[in-house]
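Coordinate inspection notes
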Amino acid sequence: RNESHAVQFIILCFSDLPHLQVPLFLIFLSIYISIIFGNAAVLLSIVFDSHLHTPMYMFLSNLSVLDISYTSTTLPKLLFMLSTQDRIMSFVGCISQMYFFLCFACTEMILLAVMAYDRYVAVCHPLHYTLIMSPRNCLAVVISVWIAAMLEPVSFTVLVANLSFCSSNQIDHFFCDASPLLKISCTDTTHVNMTTYILGALVGMSTFILTLVSYVYIVFNIMNVHSTVGRSKTFSTCVSHLTSVLLFYGTTLSLYMRPTSMYSPKQDKFFSLLYIILIPLLNPVIYTLKNKQFKDAFKKLI
């Protein structure tokens, strides 16, 4: 066990595509810069425009911080490996990267559920919206979300950190994700897999159900609106968030809610790229494309 803590992992990354290392570096660099600037623009527009100091935009600003954070957990190291071909990562660095990645994933699950509840209150209980989603309540919710997400992966991370990795130190991925780490362990990982399913059920499924129930009520409420224009206008306030939810759960459920025996390196790299790159790249566009209020705020910022 003491020897396992001294292991230096080798991240295989995209070593099976040696002729594409430079193009991949340029592509990921441009995407990373776009993610940083896109989400920073959303965040700064909300901060500097008092008209956007509402619960919905408060949650959206946290989503922007989150997108920057978990992308920065993986992409800078990936860019370094592609540019230098140095794919060695220390044991502590690998476990730390996995922990923070899981933290930000949990934060997004809970935050999307909170945003769904916010839309539910706005659509189904508009007269009580300012009381239920008061600034004080929203601040308390946001703080609770971040604290809960930071604590949730601790037990899983401790279990993984105490596994032995004597069979191999090569991780067939472009970052230290949970599945490839468990795959190369020579220790029985049954208890770790059980922890994954339990925590997945507690956080992933509970937030998914809360989000789903919120939208069921929203849909029923919209169906009761007699005017076609009224239904369209009401539903348009939820389309952006619903799109983000579908993208997020479509990729994360495919990645994590399955046995380790079904692990496929190529498939997991693909879904991880969708999760790490596509979602934070599209979120600023999804939430602001048809939002006139935000466009005005962005023009002021420029």
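- An unreviewed UniProt entry annotates the chain as Olfactory receptor of Eleutherodactylus coqui.
- In its Subcellular location (unreviewed entry) section, the UniProt record describing the chain reads: "Cell membrane".
- Heading Sequence similarities (unreviewed entry) of the UniProt record for the chain holds this comment: "Belongs to the G-protein coupled receptor 1 family."

Notes on the overall build of the chain
- Within the chain, the regular secondary structure consists of 11 helices and three strands.
- Reading the helices (α) and strands (β) of the chain from amino to carboxyl end gives β-α-α-β-α-α-α-α-β-α-α-α-α-α.
- A buried classification covers 47% of the 302 residues belonging to the chain.
- Here the chain displays about 14700 Å² of accessible surface, and carbon together with sulfur accounts for 71% of that area.

Thoughts on the nonpolar core
- Of all hydrophobic cores here, the largest spans 80 residues; its most connected members are Phe9, Leu78, Val160 and Leu181.
- The leading source of residues in this core is helix α3 (residues 91-124), at 19 residues.
- The contact partners of valine 160, leaving out residues within four places of it in the chain, are Ile95, Met98, Phe165, Leu181, Leu182 and Val192.

Some points on the side chain of serine 45
- The topology assignment puts serine 45 in helix α1 (residues 21-48).
- Discounting chain neighbours no more than four positions away, the residues touching serine 45 are Leu52, Phe294, Ala297, Phe298 and Leu301.

Overview of the environment of leucine 139
- Topologically, leucine 139 is positioned in helix α5 (residues 135-151).
- Note on leucine 139: relative accessible area 46%, which makes it partly exposed.
- In this structure, the C-alpha to C-alpha distance between leucine 139 and proline 55, residues 84 residues apart in sequence, is 9.0 Å.

A few points about the sheet that holds strand β1 (residues 8-11)
- The sheet built from three strands is open, its strands ordered β2-β1-β3 with mixed pairing. On the outer flanks of this sheet lie β2 (88-90) and β3 (170-171), each paired with one strand and no other.
- Taken together, the three bridges between β1 and β2 define a ladder with antiparallel strand orientation. When the sheet's bridge partners are listed, glutamine 8 is paired in β2 with serine 90.

Let's talk about the UniProt feature "transmembrane region" (unreviewed entry) in the chain
- Per the UniProt record, "transmembrane region" (unreviewed entry) is found at residues 24-47, 59-79, 99-117, 138-161, 197-220, 232-250 and 270-289.
- The span residues 197-220 carries 100% helix and 0% strand; its end-to-end C-alpha distance comes to 32 Å.
- In this annotation, residues 270-289 is assigned 95% helix and 0% strand; the end-to-end C-alpha distance for the span is 26 Å.

Observations concerning the state of the cysteines
- In total, this model carries one disulfide according to the counting rule given.
- Disulfide pairing places cysteine 94 opposite cysteine 176 at an S-S distance of 1.9 Å. What sets the handedness of the cysteine 94 and cysteine 176 disulfide is the S-S torsion sign, and at about -115° it is left-handed. Placement of the pair is cysteine 94 in helix α3 and cysteine 176 in the loop between β3 and α7 (178-183), with a sequence separation of 82 residues.
- Since its relative accessible area comes to 0%, cysteine 94 is described here as buried.
- This cysteine, cysteine 103, is not joined by any disulfide, and cysteine 106 carries the nearest cysteine sulfur, 6.8 Å off.

Describing a nonpolar patch on the surface
- Together, Leu44, Val47, Phe48, Phe298, Leu301 and Ile302 line one region of the surface with nonpolar side chains, adding up to about 590 Å² of accessible area.
- Looking at the nonpolar patch, the elements that each hand over two or more residues are α1 and α11 (292-301).
- Counting residues per element, the nonpolar patch draws most heavily on α1, which supplies three residues.
- By the secondary structure assignment, isoleucine 302 is in the segment after α11.

Digging into the confidence of the model for the chain
- Summing up the model confidence of the chain, the mean pLDDT is 83 and the portion of residues at 70 or higher is 89%.
- Ranking the elements of the chain by mean pLDDT puts helix α9 (residues 228-256) last with 73 and α5 first with 93.

Observations concerning unusual backbone geometry
- One non-glycine residue, cysteine 13, adopts positive backbone phi at about 55°.
- Within the secondary structure layout, cysteine 13 lies in the loop between β1 and α1.
- For glutamine 85, which is not glycine, the phi dihedral falls at a positive 65°.
- With respect to the secondary-structure elements, glutamine 85 resides in the loop between α2 (55-84) and β2.

What counts, and where the lines are drawn
Residues numbered from 1 in each chain as written. Predicted model: local features only at pLDDT ≥ 70, side-chain atom pairs only at ≥ 80, totals over all residues. Heavy atoms only, no water. UniProt positions renumbered as here; feature names shortened; annotations may be inferred. Helix = DSSP H or I, 4+ residues; strand = E, 2+ residues; numbered from the N terminus. Buried < 20%, exposed > 50% of the residue type's maximum accessible area, 1.4 Å probe, protein only. Areas by Shrake-Rupley, 256 points an atom, 1.4 Å probe, with all protein chains shown as cover. Core = buried A, V, L, I, M, F, W, Y, C linked by side-chain atoms within 4.5 Å. Contact = heavy atoms within 4.5 Å. Pairing = 2+ DSSP bridges. Disulfide = S-S within 2.5 Å. Patch = residues over 30% accessible without salt bridge, like charges linked within 9 Å, V, L, I, M, F, W, Y side chains within 5 Å. Salt bridge = Lys/Arg side-chain N within 4 Å of Asp/Glu carboxyl O. pLDDT = per-residue confidence, 0-100.

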